[in-house]
Amino acid sequence: MSSKKHKKRQDTEIRSQPSSARREVVNIQIPEGISFSFRYYQDDKDKFSIGGRDAKYLASLLRRLRDLSQLKAQEIINSQSKSLRCHGIIWLDTTEPNGFGIPNEAALVNVPYQFQISANEYGRVHGFFSENVFYIVWLDPDHNLYN
């Protein structure tokens, strides 16, 4: 029992140390870029499934997300790059005319977007921006949104 009291006392001693004894946090200037969220990611539709994809697909996806995270949302949206091909989605032209089908979609999604992972090899990523966050809803390796 006395060892528990001793442990507790040590924890208290660490917390009560003056801030100068604690490790200082260094402020690093991080370039402002977008972040990605999977909060609304849907993997329950076969047409937007990445099941059965190999490691090359996942590696390409992660590299693309890493590279895009260096850019601001407006740089991506306004890009004329053929290697990115980011553009808005017009639901009536797709296989999903009712949109993503996420709760409260009308309030959340101003403009749905898609961008390619690589030049036609690994399909598209579909989602939407909210400030500097791109919410990924579907991964579309077989280009099924426009079939």
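Please refer to the structure higher up on the page.
Residues numbered from 1 in each chain as written. Predicted model: local features only at pLDDT ≥ 70, side-chain atom pairs only at ≥ 80, totals over all residues. Heavy atoms only, no water.

Peer 1: Pulling in residues and values, what's your account of unusual backbone geometry?
Peer 2: Within the chain, Arg85 stands out as a residue other than glycine whose phi angle is a positive 50°. Here Arg85 shows up in the loop between helix 3 (73-77) and strand 2 (87-88). Look at Arg85 and you get partly exposed, because its relative accessible area is 38%. (Helix = DSSP H or I, 4+ residues; strand = E, 2+ residues; numbered from the N terminus. Buried < 20%, exposed > 50% of the residue type's maximum accessible area, 1.4 Å probe, protein only.)

Peer 1: Give a detailed account of the pairing of strand 3 (residues 112-116), specifying residues and quantitative values.
Peer 2: When you tally the buried positions in strand 3, you get 5 out of 5 residues, the bulk of the element. Residues Pro112, Gln114 and Gln116 of strand 3 are buried on one face, and the alternating residues Tyr113 and Phe115, pointing to the opposite face, are buried as well. Here strand 2 runs beside strand 3; their pairing, made up of 2 bridges, is antiparallel. For Gly88, the partnering residue across the bridge sits in strand 3 and is Tyr113. Looking at chain direction, strand 3 and strand 4 (residues 124-130) are connected through 5 bridges and run antiparallel. Looking at the pairing, Pro112 lines up with Phe128 of strand 4. (Pairing = 2+ DSSP bridges.)

Peer 1: Requested: an account of the packing of aromatic side chains, with residues and values cited.
Peer 2: For any pair of aromatic rings, the description rests on two quantities: the centre-to-centre distance and the angle between the ring planes. Going through the model one piece at a time under the given rule, you end up with 15 aromatic pairs. Each ring, one from Phe128 and one from Tyr135, has its centre 5.1 Å from the other, and the planes form 20°; the classification is stacked. Of the two residues, Phe128 and Tyr135, both sit in the buried class. What links up through ring pairs into an aromatic cluster is the set Tyr40, Phe48, Trp91, Phe100, Phe128, Tyr135 and Trp138. (Phe/Tyr/Trp six-rings, centres within 6.5 Å; stacked < 30°, edge-to-face > 60°.)

Peer 1: Give me the pairing of strand 4: which residues, what numbers.
Peer 2: For strand 4, the buried fraction is high: 6 of the 7 residues fall into the buried class. The antiparallel pairing of strand 4 with strand 5 (residues 133-140) creates a hairpin that spans 2 residues between the two strands, and Glu131 there sits at a positive phi of about 55°.

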